[in-house]
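Next come the chains, spelled out residue by residue.
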Protein chains: 2
Amino acid sequence: MKPKLQDVAKAAGVSPTTVSRVLNDRGYISQETREKVYQAMKQINYIPNDLARSLYNKRTHLVGVIVPSTSNPFFGELVSHIENYCNEKGYKVLLCNSLHEAEKEKKYWEMLLRNQVDGVIVVSYNRGLIDLRQQLPAIAIDHYLSKHIQVVSSDNFQGGQLATQALVDKGCQHIIHINGVSTLETPANDRRSAYQQVMRENGRTPINYEVPDVAFLADNMDTIKQLFQEHPEVDGIFASDDMLGLLVLQYARQHGYRVPEDLKIIGYDGTELIRTLHPELATIMQPIAQIAEKSVELLDLQITNKDQPLTAEVLPVSLWKGDSIR
Amino acid sequence: MKPKLQDVAKAAGVSPTTVSRVLNDRGYISQETREKVYQAMKQINYIPNDLARSLYNKRTHLVGVIVPSTSNPFFGELVSHIENYCNEKGYKVLLCNSLHEAEKEKKYWEMLLRNQVDGVIVVSYNRGLIDLRQQLPAIAIDHYLSKHIQVVSSDNFQGGQLATQALVDKGCQHIIHINGVSTLETPANDRRSAYQQVMRENGRTPINYEVPDVAFLADNMDTIKQLFQEHPEVDGIFASDDMLGLLVLQYARQHGYRVPEDLKIIGYDGTELIRTLHPELATIMQPIAQIAEKSVELLDLQITNKDQPLTAEVLPVSLWKGDSIR
DNA sequence: TGCACCATGTCAATCGGTTGACATGTTATT
DNA sequence: AATAACATGTCAACCGATTGACATGGTGCA
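None of these values were measured; they are calculated from a predicted model.

**Student:** Explanation requested: the sheet that holds strand β9 (residues 264-269) of chain B in the structure shown.
**Tutor:** Residues and elements named next belong to chain B. Strand order in the open sheet formed by six strands is β7-β6-β8-β9-β10-β12, and the pairing between neighbours is mixed. With partners counted over all chains shown, the strands left at the sheet margins are β7 (207-210) and β12 (318-320), one partner each. Each strand axis lies, on average, 20° off the axis of its neighbour in the sheet, ignoring direction. As paired elements, strand β6 (residues 175-179) and β7 share four bridges and run parallel to each other. Along β7, the bridge assignment pairs Ile178 with Tyr209. Packed on one face of the sheet, helix α8 (residues 188-201) meets β6, β7, β8 (236-239) and β9 and runs near 170° to β6.

Pasting the structure below:
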């Protein structure tokens, strides 16, 4: 059987209370006893049971993190940063891949509640899922979920403006925007709005393509093909994420478009991965590490300070001037 | 205060034992009572406390997953699949990004033990970290850690052979291999051994470049530059992962090498992401989903059946014939 | 000498749920 | 009418640690 606190006490020749005092650094303990206890713990290979501790303390130091999928490099990087910051602050991460499925996400929320997580960081595009009766500390990344949930995001509208304006400034006449499913309330919607606004401000007609929610990234190529067939005059494309942008680049190269001479392309997200593998792809960089840091920081504040005012944090984005828009 | 089982009992007008019986589906319960209890739970918004349950049952349904970092698309995809399969089997994932740091990994192991995880799935290149006195169910992916820990991997030696042989078959005369730090006992070592063997079998001298462990992917470019300067005759490169392969491709294009005419390149891993964004890059595909599935399956077996024999699972890899070796 | 502080122990309650033992009563079944 | 199965309740122990209340001595200092 696993050794427990009692066993440590026995091995060290002290009372269980004393062991607990050493463990939690409370009350008076002589250096001598402290060492005796640590010795005993090492000797019998004792490992405290955090379940029992948490049960009593009503504090698990667990944080639930819900994202669509770590397969997507944006979320992979985001989660990696979140986990790092959590670790720094002593939190452990329960990972949930919702795969954009509302049903799954709902089950994850319940699971997290059953597990008594201290808080949740969620990237969700399904509003109205969360039962507001429970006042669990939570941060929504990049999307407004309800007035009880604090939002951390980058400035998607600004990003959309930056991207579109960059294409306009470079002299593109026929700029088209591609984005994901618009029925989901994703931040991409703000990017699209910004695109439309900038287009109108410049006397252009916004044209929009929407890729369906596909199982395989590669299937998005169909939509791209369609775009080029229906709009051979296109000379600027703003894709709402880098993967789409790269697929466009791929298509363009295969079909004899010179980039950036014939066609300029700008993506969105600017993960380290894509920026490294494709420095030529212009993109809007989201401050991924900062989003993660801010989220963890604010969540921690919510957890430790009750009645924290819920301010919305909007972090600035920046333009990565790749060759695809030169 | 959060409602507890007692409160449900009160609300439903039954005894706590009855509620517990309903919850755990034990003993005799009439349909009527069952519904009354469920009603009460919904009404007072009751959520069972899994800490308390787990404490008594000595079963948390938690699985620790340790990987270097989900920022890397290979691990991002792997983790995503692992999490999915875990979810199917009722396990929850505690995510740990070890960042290749032995010290961090050690702390994570301890953390997982404190949290009473049912088992661990680990991608670790640091042998000898785990204290073998504790017999925790565990699976090591792609690396032998100790004789008490079951290994699931793809056939790295075969992968190395396939890759090198492909380059040889396509007529490359000067094939060079690039891989990561060899002081870490990574599976890349097997790939390198296979490369060396195939080279010798074909009467060639293996040449090896090693990229240091860098903070930024882009820094690997220095090593690549060096390789080309020292070996301008190179006409075939086997990179031990796709990101390195793509950096080589990037360098080659920038420096006027025609791929595959002047230089053939093959990578390793074959994540869905890279295969989609770079179908032209030949690579060795690891069966990521299968590795994940097998790992979860075997871990579950270890957890439920004590004294499971520990067989090593080696899954086959396959060649993705991209244009970079045509 | 007396008081404050240090060091440790005993004991029981608590966190929230689970379970076995046992009692009591109601329905079916034969 | 006897027996078995069904339905529910009471009670206490338990999972492993934490904590407050209280007791007992020792040491240092005013």
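On we go from here.
**Student:** Help me understand the relation of the copies chain A and chain B, please; the structure alone is not making it clear to me.
**Tutor:** The relation between the two chain copies is a rotation about an axis coupled with a shift along that axis. Overlaying chain A with chain B gives an RMSD of 0.0 Å, the required rotation being 180° about an axis along which the chain moves by 0.0 Å. On the angle and the small slide along the axis, the relation comes out as a two-fold axis. The position closest to the rotation axis in chain A is occupied by the C-alpha of A:Leu94, lying 2.3 Å away. In this assembly, 100% of the residues forming the interface of chain A have copies in chain B that are likewise at the interface, indicating an isologous arrangement.

**Student:** Just to check I follow, could you spell out the packing of aromatic side chains for this structure?
**Tutor:** Two descriptors summarise a pair of aromatic rings, namely the distance from one centre to the other and the angle between the planes of the rings. Going through the model one piece at a time under the given rule, you end up with eight aromatic pairs over all chains. Measuring from centroid to centroid gives 5.2 Å for A:Phe74 and A:Phe75, while their planes differ by 70°, and the two rings are edge-to-face. Judged by its relative accessible area of 7%, A:Phe75 is buried. Here B:Phe238 and B:Tyr268 contribute two aromatic rings whose centre-to-centre distance is 6.3 Å and whose plane-to-plane angle is 35°, an arrangement assigned as tilted. Taken as a pair, B:Phe238 in strand β8 and B:Tyr268 in strand β9 lie far apart in primary sequence, 30 residues in all. With relative accessibility at 0%, the residue B:Tyr268 sits in the buried group. Among the aromatic residues, those joined into a ring-pair cluster are A:Phe228, A:Tyr251 and A:Tyr257. Here the guanidinium or amino end of B:Arg191 rests over the ring plane of B:Tyr268, the centre of that ring lying 3.7 Å away. The cationic tip of B:Arg275 hangs over the ring face of B:Trp320; the distance from NZ or CZ to the ring centre is 5.6 Å.

**Student:** So what exactly am I meant to see when it comes to the interface of chain A and chain B here?
**Tutor:** The figure often quoted for interface size is the accessible area lost as the parts come together. With 58 residues of chain A in contact, the opposing surface of chain B contributes 58 residues. Taking both sides of the interface into account, the surface hidden between chain A and chain B amounts to around 5000 Å²; carbon and sulfur atoms contribute 56%. On the surface where chain A and chain B come into contact, there are two salt bridges. Residue B:Arg114 pairs with A:Asp50 through a salt bridge whose shortest N-O separation is 3.7 Å. There are 23 residue pairs in polar contact (both at pLDDT 80 or more) connecting chain A and chain B. When contributions to the side of chain A that touches chain B are tallied by element, the ones reaching two or more residues are α3 (31-44), α4 (50-57), α5 (73-88), β2 (92-97), α6 (102-114), α10 (242-254) and α11 (272-277) of chain A. Top contributing element to the side of chain A that touches chain B by residue count: α5(A), with eight residues. Considering only residue class, the side of chain A that touches chain B consists of 27 nonpolar, 19 polar and twelve charged.

**Student:** Help me understand the environment of B:Arg34, please; the structure alone is not making it clear to me.
**Tutor:** Residues and elements named next belong to chain B. By secondary structure assignment, the location of Arg34 is in helix α3 (residues 31-44). Owing to a relative accessible area of 18%, Arg34 belongs among the buried residues under this scheme. The contacts of Arg34, once residues within four sequence positions are left out, are Val22, Asp25 and Ile29.

**Student:** I tried to follow the protein's contact with DNA strand C on my own but got confused; where do I start?
**Tutor:** Of all residues adjacent to DNA strand C, which total 28 residues, the nearest are A:Thr18, A:Tyr28, A:Thr33, A:Lys58 and B:Leu5. If you look at DNA strand C and keep only atoms within 4 Å of the protein, 73% of those are sugar or phosphate atoms. Contacts to DNA strand C include B:Tyr46, whose side-chain N or O atom sits 3.0 Å from a phosphate oxygen. Between DNA strand C and the protein, one listed contact pairs a phosphate oxygen with a backbone N or O atom of B:Asn49 at 3.4 Å.

Cut-offs applied
- Residues numbered from 1 in each chain as written.
- Chains lettered and ligands numbered in written order.
- Predicted model: local features only at pLDDT ≥ 70, side-chain atom pairs only at ≥ 80, totals over all residues.
- Heavy atoms only, no water.
- Pairing = 2+ DSSP bridges.
- Helix = DSSP H or I, 4+ residues; strand = E, 2+ residues; numbered from the N terminus.
- Axes fitted to C-alpha atoms, helices over the stretch in contact; angles between N-to-C directions.
- Contact = heavy atoms within 4.5 Å.
- Least-squares fit on C-alpha atoms with pLDDT ≥ 70 in both.
- Phe/Tyr/Trp six-rings, centres within 6.5 Å; stacked < 30°, edge-to-face > 60°.
- Buried < 20%, exposed > 50% of the residue type's maximum accessible area, 1.4 Å probe, protein only.
- Lys NZ or Arg CZ within 6 Å of the ring centre and 35° of its normal.
- Buried area = accessible area lost by both parts, 1.4 Å probe.
- Salt bridge = Lys/Arg side-chain N within 4 Å of Asp/Glu carboxyl O.
- Polar contact = N/O pair within 3.5 Å; in protein donor to acceptor, adjacent residues only side chain to side chain.
- Nonpolar A, V, L, I, M, F, W, Y, C, P; charged D, E, K, R; others polar.
- Near = heavy atom within 4 Å.

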